[in-house]
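# An overview of the molecular structure
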Amino acid sequence: MNDLQQLSAMALWGACVLYAIAMVAYAIRLSRVAELKGAAAAASKGAESQATVSVGTSHTKEGAASAVADAQPTGGKAGASKPKATTASAAIGDQKATKALGIARAATLVGAVLHTVGVTARGIEAEHVPWSTMYEYTISGSLVAVVVFLLVQRKRDITYMGAGVTGLATIALGLGLTVLYQDATGLQPALQSFWLVIHVSIATIATGIFGVGFIATALQLMRDYRDSEPKVVSNRFLKVFHDPGVRVIKGKTFRFLEAVPTPKKLEALAFRLNAVGFVLWTFTVMAGAIWAEHAWGRYWGWDPKEIWSFVIWVIYAAYLHARTTQGWAGRRSAWVSIVGFAAIIMNFTVVNLVFQGLHSYAKA
Amino acid sequence: MARVKIDNYAVADAPRLGVRGWLRWIWRQVTSMRIALILLLLLALAAIPGSVLPQWPQQPGETKAFIDNNAVIGPVLDKLGFLDVFGSAWFTAIYVLLFASLIGCIVPRAIAHYKAMRAPVPAVPSSFARYEPSGREETDVDAATAIERARKELRPRAGWLGALTGYRIRVDERVVRDGAATTSDGKERRELAMTADMGHIRELGNLIFHISLVFVLIAVGAGTLLTYRGQAIIVEGRTFTNAAVAYDTFSHGSGFDPADLQPFTVKLDGLDAVFEDNGRPKEFTAHVTLQEPGKDATQKDVQVNRPLQVDGAKMYLQGNGYAPVFTYTDGDGNVAFQGPVVFLPQDQVYTSTGVVKVPDVTSGEQIGLKGTLLPTEVTKPGGSVSIHPDPGNPVIYFTAYTGDLGLDDGVPQNAYQLDESQLSPVRGDDGQPFVFGITLGDTVTLPDGLGTISFDALPRFAAMDLRADPSLPWLLAASISMLVGLAISLFATRRRIWLVAPMDTPTTVVEAAALAPSHDGGVEAALDRALAATSGRVPDADEEDE
């Protein structure tokens, strides 16, 4: 084991652990904000019923506003948009939320730095771009997801997605280091092409962006189901079996969903991410076809990897159409994009490991 | 026979749709977004079996084995087209319908967009009360100057290019709409109203994307007609002449005449195969001499990702292996066979198999030899294996047969297999089939006076793939325009900015508002830039777009 290899592995394990910590901290922060919102809503209801608007109340309003704003130094829209009232417990919740957010951000940032070090060290050790095997693709793709999250975070507050993104990165790094790990080797003749740099890097970036879009869509659907009213079933016996999913999602476990934006806003965010992902995926497929023409003498041969890249492209195309089709906009189109991301995961796992095809060097 | 009713109304006397009505209804359904959506999802679903089941065009051997091994379901799946998904009737039906839907949708939209682009930009609304964001700016220049400055700011480039990439502008002089139309002394109050409209390019990109898709399909279709492809194996030191019959396999589309092949020659001067110590391939390079008719011979290198360009086609290095050279001297002392025999590699360490067929013996039965080449032979407890693809210690193990090779039946034979139906193994003194190993440079005498075989040399061979597809540049162009159209249709912003400046007032107060989708974060900055331009103020720090 040489130094670079050790450095890479240690940095990536460090990033994995930090992401796990960040995920927990983001989750705590989310549930605190949800609690705060719940308390604020309850308090404002009480205030409305009294129907008195005194100077004192407006003071407390401002106080709450500043307190919540402190909790979200980025100007988080989640809590700051409707500061109604404050209570002692909410103030404690505030502090906890602030603390959790600080930990989460620091852990994510340091994790991303370590992650970058790990991926770079792997690339230097292997003497080629770090995305030629499944292991390398996993560590690079998850890095892209985290970086996309951090970049979007700079422009708009998407702290609520932190738990999802860092969770995804933790799983990807953990699986990569334990299951998929392979020692660095030289490139096979078929991979010795600058198209490896272009085709696979764009595929990696597209996957990372689709990953963040997937989390936004998942939150959108969960929030949507939580907001909706389950169908009323009068039958006593059928009632038990009806809409168990809605029951669960309306329960306490999913109270954190109160702190994420409305389904409409999440849909808009997911669309923008998926649109970028789709353009990049189109480019990936095109670049892949050009490379295939160079290396194998045909641009398209319905190899399993090509089939699944095509399937992914068609599903996301369907998603873009569904968004603007009556009766499909909203939940249904969201489900189509979820299926699309499932196909991406499928393309990366089952297609690499089970199906025989020309792309099989990805696993070796 | 009663007239066939193709429609069925609850009210008997209701007017019928008729055949034309039904056709129109069907067309409307096919071109609706909902059907397009369902067809897209079906297309994705229909492609999946192609990755799960073996496919005839990709893996004919495995597909045949699959049918043989699944006596019940195999032939059924084959009949239903699941073993050739992308050539099956149902897959074709889905994409043909999809493209019909696409064309039916895109043609009316293209016409509508053409009309919309020629139509004037809509006028400024009477009141800005309902619009957000909005703003106002005081300036000491007159209305015409103020509006002109804003116009220059928003659309620095004139002409069609400016209209395509930026705002389209319309300026009206009109009676004041928002407020009293006349002054106190009865004079008419007038104002200049400007609309800056952006985003029509979004629909244009959308149309470009879909039209390009149609061209991609046309290019692919033309490609299958005009393409040709051949596979040939060239041994080191040998020359290949380009002609359809010279290829081991040659296939072409119906639009290509094999007689058009240019008779160039390719001589394989040498093949470098570099492996790592653990046997992983590192680099393959075929050094060839290309001789085109009427031209000087040129030396070229062909590598896996670097095909040889010749005669509008490309020659790819698709594989390599060993072609050991043998000399067989028959029992009568005559050389009955001499030359290289291609052995096909079977694994990562180039354990290769091949057969030597000797039909022309002076007397007696024909001879066939079945061999396995181990490039770097090592004897292990379980038997001999090769541990590296390089020829470190090449040994070939042969089993010899005598009898009828079956070459004279006129039935095409696989050059890499021995038809054992009319052959019997040569037996040694112990009565067991005679198996012998032969090292490079060795000569082995076969039992029963069957002659001798010597292993003279071990050159490599290159498996070359020649392929031409004249549609490729068109396909590339269509694909690139598709990508560009897609990016425009997804990322172009739709936005409208209005400015109104009252005329003949001491100080001009410009009112402005904008209309944009909620996710357009850049609209406020654009509005502020336009307003700031009217007075010459430095605009507020630009918020980043998005």
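Residues numbered from 1 in each chain as written. Chains lettered and ligands numbered in written order. Predicted model: local features only at pLDDT ≥ 70, side-chain atom pairs only at ≥ 80, totals over all residues. Heavy atoms only, no water.

### Some remarks on the domain arrangement of chain B
Structurally, chain B comprises domain 1 (18–97), domain 2 (120–199 + 493–535), domain 3 (224–314) and domain 4 (325–462). Taking only C-alpha atoms into account, the centre of domain 1 of chain B sits 36 Å from that of domain 3 of chain B. (Domains from an automatic or database assignment.)

### Here we look at the confidence of the model for chain A
Should pLDDT be low for a region, the predicted coordinates there are not to be read in detail. Across chain A, the average pLDDT comes to 81, with 79% of residues at or above 70. A low-confidence stretch, residues 51–86 of chain A (pLDDT under 50), is modelled with 34 contacts involving residues beyond four sequence positions or located in other chains. (pLDDT = per-residue confidence, 0-100. Contact = heavy atoms within 4.5 Å.)

### Notes on the nonpolar core
Most often, soluble globular proteins have nonpolar side chains that are buried together. Core analysis: the largest hydrophobic core is formed by 126 residues, its most contacted members being Tyr160(A), Met161(A), Leu219(A) and Phe91(B). Broken down by element, this core gets its largest block of residues, 17 residues, from helix 10 (residues 263–295) of chain A. The residues contacting Leu219(A), other than those within four sequence positions of it, are Tyr160(A), Met161(A), Phe256(A), Leu257(A), Val260(A) and Leu266(A). Membership of the second largest hydrophobic core comes to 55 residues, among which are Val302(B), Leu308(B), Ile367(B) and Ile396(B). (Core = buried A, V, L, I, M, F, W, Y, C linked by side-chain atoms within 4.5 Å. Buried < 20%, exposed > 50% of the residue type's maximum accessible area, 1.4 Å probe, protein only. Helix = DSSP H or I, 4+ residues; strand = E, 2+ residues; numbered from the N terminus.)

### Quick notes on the sheet that holds strand 24 (residues 460–468) of chain B
All names here are of chain B. With respect to topology, five strands assemble into an open sheet ordered 6-4-24-11-10, the strand pairing being antiparallel. With partners counted over all chains shown, the strands left at the sheet margins are strand 6 (249–252) and strand 10 (308–310), one partner each. The average angle at which neighbouring strand axes cross in this sheet is 25 degrees, direction not considered. (Pairing = 2+ DSSP bridges. Axes fitted to C-alpha atoms, helices over the stretch in contact; angles between N-to-C directions.)

### Some details on the pairing of strand 24 of chain B
All names here are of chain B. In terms of burial, strand 24 is largely enclosed, as nine of its nine residues are buried. Alternating residues of strand 24 divide into Arg 460, Ala 462, Met 464, Leu 466 and Ala 468 and Phe 461, Ala 463, Asp 465 and Arg 467, and every residue in both groups is buried. Here strand 11 (residues 313–322) pairs with strand 24 via eight bridges, running antiparallel. Note on strand 24: the bridge partner recorded for Lys 314 is Arg 467.

### Structural notes on the interface of chain A and chain B
Across the contact, 52 residues belong to chain A and 51 residues belong to chain B. Taken together, both faces of the contact between chain A and chain B bury some 4400 Å²; the carbon and sulfur share is 67%. Between chain A and chain B we count one salt bridge in total. Glu293(A) is paired through a salt bridge with Lys314(B); the nearest N and O atoms lie 2.9 Å apart. Summed over the shared surface of chain A and chain B, the number is seven residue pairs in polar contact (both at pLDDT 80 or more). At the level of elements, helix 10 and helix 11 (304–323) of chain A are the ones that each hand at least two residues to the side of chain A that touches chain B. (Buried area = accessible area lost by both parts, 1.4 Å probe. Salt bridge = Lys/Arg side-chain N within 4 Å of Asp/Glu carboxyl O. Polar contact = N/O pair within 3.5 Å; in protein donor to acceptor, adjacent residues only side chain to side chain.)

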